[in-house]
Amino acid sequence: MNYLALIDKYYGGQAELRHVLVTHSRQVADRALQIVDRHPQWVADGLVDRTFVEEAAMLHDIGIFYCNAPKIHCHGTHTYIEHGYLGAELLRNEGFPKHALVAERHTGTGITIEQIIREDLPIPERDYCPQSLEEKIVCYADKFYSKSHLGEEVALDKIKYNIWKYGSEAFNRWQELVILCEG
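Predicted, not measured: the structure shown is a model, and the values here were computed from it.

Chemist: How should the pattern of salt bridges be read in this particular structure?
Modeler: Oppositely charged side chains can form a pair if their charged atoms are brought close together. Evaluation of the coordinates by the stated rule reveals 13 salt bridges. Across the pair Arg18 and Asp8 runs a salt bridge whose closest N-O atoms are separated by 2.4 Å. Residue Arg18 is found in helix α2 (residues 15–38), and its partner Asp8 is found in helix α1 (residues 3–11); the two are separated by ten residues along the sequence. Of the residues examined, Arg18 reaches a relative accessible area of 23% and is grouped as partly exposed. Classification of Asp8 as partly exposed rests on a relative accessible area of 34%. Lys98 is paired through a salt bridge with Glu134; the nearest N and O atoms lie 3.2 Å apart. Of the two residues, Lys98 sits in helix α6 (residues 97–105) while Glu134 sits in helix α8 (residues 133–142), which places them 36 residues apart along the sequence. Exposure remark for Lys98: the relative accessible area of 42% places this residue in the partly exposed category. A single salt-bridge network, built from bridges that share partners, covers Arg26, Asp30 and Glu54.

Here is the structure:
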């Protein structure tokens, strides 16, 4: 797979937004690959495909162009929370169903059906929590980088605060990701 060619297909005429997407995604991919490299047994046991992790990390936010987030040069019509499932639909249509799951399940520490109903979120009612080890690695790595502050790493205290705002279930999922990726 040539993930940059796929990005260019949808972002070719949007230089500023493409820069945001590629810069952020490269940061996430680099961190995800560092996590994989610290756990070589995952690859040896066939639990993680290192190439797939890089591709998925580079494409996890491909749906942002559908959304209205002018601060990061997104001028679409959807709310930002929708970028995961919209990107997943795009990736499925392009023939990448496994990559689509990463895009769909990377937001926050995952989004449950109960949370969608409770918060009346404008996304289809289904479970968006990362399931596979590869999905969890990309989800975790993503929390360290913001698209609005490119090149900066988000401080761990800020990550915890941001996640805690979504409740104890989200924070417990974060703790599980920390143990998995850092343990």
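Next comes the rest of the write-up.
Chemist: Honestly, empty space enclosed by the protein in this entry has me stumped. Any pointers?
Modeler: Think of a ball as big as a water molecule: rolled over the atoms, this probe shows where empty space is left. Tallied over the entire structure, the rule returns one cavity of 30 Å³ or more. Roughly 50 Å³ of internal volume is contained in the largest cavity. Surrounding the largest cavity, Ile81, Gly84, Tyr85, Glu104, Arg105, Thr107, Ile111, Ile123 and Tyr128 form its lining. For the lining of the largest cavity, the secondary-structure elements that each account for two or more residues are α5 (83–93) and α6.

The rules behind these values
- Residues numbered from 1 in each chain as written.
- Predicted model: local features only at pLDDT ≥ 70, side-chain atom pairs only at ≥ 80, totals over all residues.
- Heavy atoms only, no water.
- Salt bridge = Lys/Arg side-chain N within 4 Å of Asp/Glu carboxyl O.
- Helix = DSSP H or I, 4+ residues; strand = E, 2+ residues; numbered from the N terminus.
- Buried < 20%, exposed > 50% of the residue type's maximum accessible area, 1.4 Å probe, protein only.
- 1 Å grid on protein atoms, 1.4 Å probe; cavity = no way out; pocket = protein on both sides within 12 Å on 5 of 7 lines; lining within 4 Å.
- Points joined across faces, edges and corners; volume = space filled by probe spheres on them.

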